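Each chain is listed here by its residues.
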Amino acid sequence: MTTAQPQELDVQPTPLALLLLGREADPRSERGVECPGDLPSPSDPDLVARARAAKEKLGDKVFVLGHHYQRDEVIQFADVTGDSFKLARDAAARPEAEYIVFCGVHFMAESADILTSDDQKVVLPDLAAGCSMADMATAEQVAECWDVLTEAGIAEQVVPVSYMNSSADIKAFTGKHGGTICTSSNAERALNWAFEQEEKVLFLPDQHLGRNTAVRDLGMSLEDCVVYNPHRPNGGLTTEELRAAKMILWRGHCSVHGRFSLDSVNDVRERIPGVNVLVHPECKHEVVAAADYVGSTEYIIKALEAAPAGSKWAIGTELNLVRRLANRFASEDKEIVFLDKTVCFCSTMNRIDLPHLVWALESLAEGTLVNRIEVDKETEAFAKLALERMLALP
């Protein structure tokens with residue numbers, strides 16, 4: 001990925017104690033692109049009792065959401081688990097809950113705030129739990145891209161389709177320009193809808209999901225797709241390339257799913273004869289093309305639930321989920337392994353650990369609102385418009 005040149009930030013270093021408590025965010029902190037090599041060690045067991053006590057004290061006032069990629073010590077306190085959009089909808093269906101504690105990353109908490117009522121308050125236990133993919137498309141960059149499309153004379157022919165893994169600002173841009181949101185489960189339906197509206201799609205921010213859906217599901221060619229690089233003039237594309245393209249893909253990707261390679265697939269097939277390779281559509285196109293099965297997180301879980309005893313599976317998605325599934329189905333003699341030999345989990349997802357969750361729950365139990373995620377009303381209105389278009393997809 002091409003990156004912009006580092007810029008000096010006019011900020012003071014955030015005190016380490018505040019970062020550890022989740023009360024501040026450091027703009028110079030990592031954004032989920034490192035692979036430390038192993039999962040973090042478990043937190044102090046005493047924190048389990050503290051979390052239970054705080055959650056019990058809050059009662060129905062709190063509703064805890066746990067994304068599939070969260071570590072086990074956190075997921076045990078979730079009232080519901082699921083992918084980002086399912087969790088946001090679950091929160092909206094619990095209007096009696098004053099506090100929605102979202103154990104996930106920032107864009108997910110934003111979606112929950114957009115869909116819940118004004119009386120509900122969404123809390124992210126660690127404000128530094130971001131998403132490297134969502135961070136790859138800023139409102140300023142996307143506005144500049146639209147100017148480029150306008151200058152090329154094609155903006156009126158373009159419908160933006162933004163992945164759920166995007167900021168509220170990007171969702172609002174999408175709603176304002178007649179587009180829709182999609183998930184990894186309904187991306188095909190979203191693209192079919194978009195092409196019924198106009199001739200071209202601007203797909204944000206994950207190039208791989210956009211490419212895989214267009215080529216694998218809609219039957220387009222790789223030549224129908226171009227990649228817009230926000231760090232290069234004109235997106236690194238000529239006017240002719242933009243006019244010829246059907247799919248204008250944003251140069252973004254998931255830092256975890258993007259690590260899987262064709263070598264990973266070939267290697268696991270050699271190591272485990274008869275293995276089924278099942279990957280998420282955020283993986284690179286060559287990985288998806290070489291896999292046996294491709295689908296969303298929910299699809300992966302259901303596929304393994306339905307798999308026969310004794311079957312072997314290599315899964316190309318986040319490590320916390322793969323390990324949880326391997327443990328869950330071990331008694332059914334299902335062999336489930338991580339697709340890559342290199343251990344890699346989502347670093348920012350793992351910022352939501354037990355110390356942060358305990359601090360958030362205990363603060364709420366004491367009557368102190370912390371780490372509230374709140375989307376401004378104008379952004380919320382346009383973002384909700386895009387989400388409603390998704391919900392109305394045929």
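Note: the structure precedes this text.
The residue numbering used here restarts from 1 in each chain and proceeds along that chain's sequence as written. This being a predicted model, a pLDDT of at least 70 is required before a residue's local features are given, and a value of 80 or more before pairs of side-chain atoms are given or counted; all residues contribute to the totals for chains, interfaces and linings. Based on all heavy atoms of the structure, the side-chain values leave hydrogens and waters out of the count.

### Remarks on the sheet that holds strand β4 (residues 121-123)
And then number 1: Paired strands are those between which DSSP finds at least two bridges. Helix numbering and strand numbering both begin at the N terminus, where a helix is a DSSP run of H or I of at least 4 residues and a strand a DSSP run of E of at least 2. Strand order across the open sheet formed by five strands is β2-β1-β3-β4-β14, with mixed pairing between neighbours. Only two strands of the sheet have a single neighbouring strand rather than two, namely β2 (80-82) and β14 (372-373).
And then number 2: Pairing between strand β1 (residues 62-67) and strand β3 (residues 99-103): five bridges, direction parallel. The residue bridging Val62 from the neighbouring strand is Tyr99, located in β3.

### Overview of the pattern of salt bridges
And then number 1: What counts as a salt bridge is simple: a side-chain nitrogen of Lys or Arg found within 4 Å of a carboxyl oxygen of Asp or Glu. For the structure shown, the criterion picks out 16 salt bridges.
And then number 2: Between Glu96 and Arg94 there is a salt bridge, with the nearest N and O atoms lying 2.6 Å from each other.
And then number 3: We classify Arg94 as partly exposed; its relative accessible area is 26%.
And then number 4: Across the pair Asp217 and Arg216 runs a salt bridge, and its minimum N-O distance is 3.5 Å. The rule is simple: take the accessible area with a 1.4 Å probe, protein chains only, and divide by the maximum for that residue type; under 20% is buried, over 50% is exposed, in between is partly exposed.

### Some points on the sheet that holds strand β12 (residues 312-316)
And then number 1: Read across the open sheet, the four strands follow the order β11-β10-β12-β13; overall the sheet is parallel. In this open sheet, the two edge strands, each paired with only one partner strand, are β11 (293-294) and β13 (335-338).
And then number 2: Pairing of β12 with β13, which is carried by four bridges, proceeds in the parallel orientation. By the bridge assignment for β13, Ala314 is matched with Val337.

### Description of a negative patch on the surface
And then number 1: Two distance rules govern patches: like charges are joined within 9 Å, and nonpolar side chains (Val, Leu, Ile, Met, Phe, Trp, Tyr) within 5 Å, applied only to residues with over 30% relative accessible area and no salt bridge. Exposure was quantified through the Shrake-Rupley algorithm and a 1.4 Å probe, taking into account, for residues, occlusion by the shown protein chains and nothing else. All tallies of charge rest on Lys and Arg as positive and Asp and Glu as negative; His and the ends of each chain are not included. Each charge is placed at NZ for Lys, CZ for Arg, CG for Asp and CD for Glu. Taken together, the side chains of Glu140, Asp169, Asp376 and Glu378 define an acidic patch exposed on the protein surface.
And then number 2: With respect to the element layout, Asp169 can be found in helix α7 (residues 168-176).
And then number 3: With relative accessibility at 41%, the residue Asp169 sits in the partly exposed group.

### Considerations on the pairing of strand β10 (residues 276-279)
And then number 1: Burial of β10 is two-sided: the residues Asn276 and Leu278 facing one way and the residues Val277 and Val279 facing the other way are all buried.
And then number 2: Pairing of β10 with β12, which is carried by four bridges, proceeds in the parallel orientation. Residue pairing in the sheet places Val279 in a bridge with Gly316 of β12.
And then number 3: Assignment of crossover handedness uses the view with strands pointing away from the viewer, where a clockwise path from the first strand over the helix to the second indicates a right-handed crossover. In this fold, β10 hands off to helix α12 (residues 285-290), which returns the chain to β11; that crossover is right-handed.

### Regarding the nonpolar core
The tendency in soluble globular proteins is for nonpolar side chains to be buried as a group.
And then number 1: To qualify as a nonpolar core, a set must consist of buried Ala, Val, Leu, Ile, Met, Phe, Trp, Tyr and Cys residues joined through side-chain atoms within 4.5 Å. If you look at the biggest cluster of nonpolar residues, it comprises 110 residues, and the most contacted ones within it are Val101, Phe203, Met247, Val279, Ile336, Leu339 and Leu361.
And then number 2: By residue number, the principal contributor to this core is helix α15 (residues 354-365), which donates eight residues.
And then number 3: Every residue pair with non-hydrogen atoms within 4.5 Å of one another is taken to be in contact. Not counting residues up to four positions away in its chain, the partners in contact with Met247 are Leu191, Phe195, Val201, Phe203, Gly210, Ala214, Met220, Asp224, Cys225 and Val226.
And then number 4: Within the second largest apolar cluster, 21 residues are counted, among which are Cys145, Val148, Ala152 and Phe173.

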